Amino acid sequence: MDQSAQSVLGDATESAVVVLVPDADPLVDPHRQQFDVSASWGVPAHLSVIYPFVTPRQVDDAVLAGLADVLAAEAPFDCTFTKTAWFGDEMLYLVPEPDEPFRRLTRIVAEAFPDHPPYRGAHGDPVPHLSIGQRRQGDLAGLEQAQEVLCAAMPLRTRIDTAALYAGTREAGSWHQVARFPLGRPAR
């Protein structure tokens, strides 16, 4: 593992494997900064593959190589966000279409690292989503206003070609990218 990855892991207490969606940042970042705790931690627009993942002290060359190999076996794909949805009235998110490639990424990483099921197994088969915000970070009216703005700006079409390992604490600005993993080609 290189020096930069080791330094990022320094005080980290958690990690996550995510699919990055940089094309979404200009659209969603103002809303995520206000309503999404992971944005305050420093995680850019993404869909979670596995959260929480291994503890940062478990990240080593074998974990990084295992992730690289699993993710390189999956081809990049196109995705469109055409609508928003809610988990109850607590969390607003963008819906990816199709969602099966995201589900497949979660399955293959969970199979490769069976001790780390997504959300610790609390949600069964997790619904792929790009979080916009949680009600506990603001108010329902603010999230509903964000939803109107987002719906007016969609569809958002993008190419999904990169996953990443992030690590940090539950403190603002503490999450940083540990490693990037291109989809569909060997990382080494």
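Our structure's up above, just so we're on the same page.
Remember, predicted model here, so these are calculated numbers, not experimental data.

> Just to check I follow, could you spell out the side chain of His31 for this structure?
Locating His31 in the fold gives a position in helix H2 (residues 25-35). Residue classification places His31 among the buried positions, given a relative accessible area of 13%. Apart from the residues lying within four places of it in its own chain, the contact partners of His31 are Asp36, Ile132, Ala146, Val149 and Leu150.

> Would you take a moment to explain the pairing of strand S2 (residues 46-50) for this structure?
Along S2, four of the five residues are buried, which leaves the element largely enclosed by surrounding structure. One ladder, built from four bridges, connects strand S1 (residues 14-20) with S2; its direction is antiparallel. Paired with Val19 across the two strands is Leu47, which belongs to S2.

> I tried to follow the packing of helix H4 (residues 61-72) against helix H5 (residues 100-112) on my own but got confused; where do I start?
When two helices pack together, their arrangement is given by the angle between the helix axes and the distance between those axes. Where H4 contacts H5, the axes come no closer than 10 Å and their chain directions differ by 145°. Of the two elements, H4 crosses H5, and the hand of that crossing is right-handed. Of H5, the residues touching H4 (which contributes Leu67, Val70 and Leu71) are Leu105, Ile108, Val109 and Ala112. Class assignment of the residues belonging to the contact of H4 with H5 gives a composition of seven nonpolar, no polar and no charged.

Quick notes on the rules
Residues numbered from 1 in each chain as written. Predicted model: local features only at pLDDT ≥ 70, side-chain atom pairs only at ≥ 80, totals over all residues. Heavy atoms only, no water. Helix = DSSP H or I, 4+ residues; strand = E, 2+ residues; numbered from the N terminus. Buried < 20%, exposed > 50% of the residue type's maximum accessible area, 1.4 Å probe, protein only. Contact = heavy atoms within 4.5 Å. Pairing = 2+ DSSP bridges. Axes fitted to C-alpha atoms, helices over the stretch in contact; angles between N-to-C directions. Left-handed = near helix turned anticlockwise from the far one by under 90°. Nonpolar A, V, L, I, M, F, W, Y, C, P; charged D, E, K, R; others polar.

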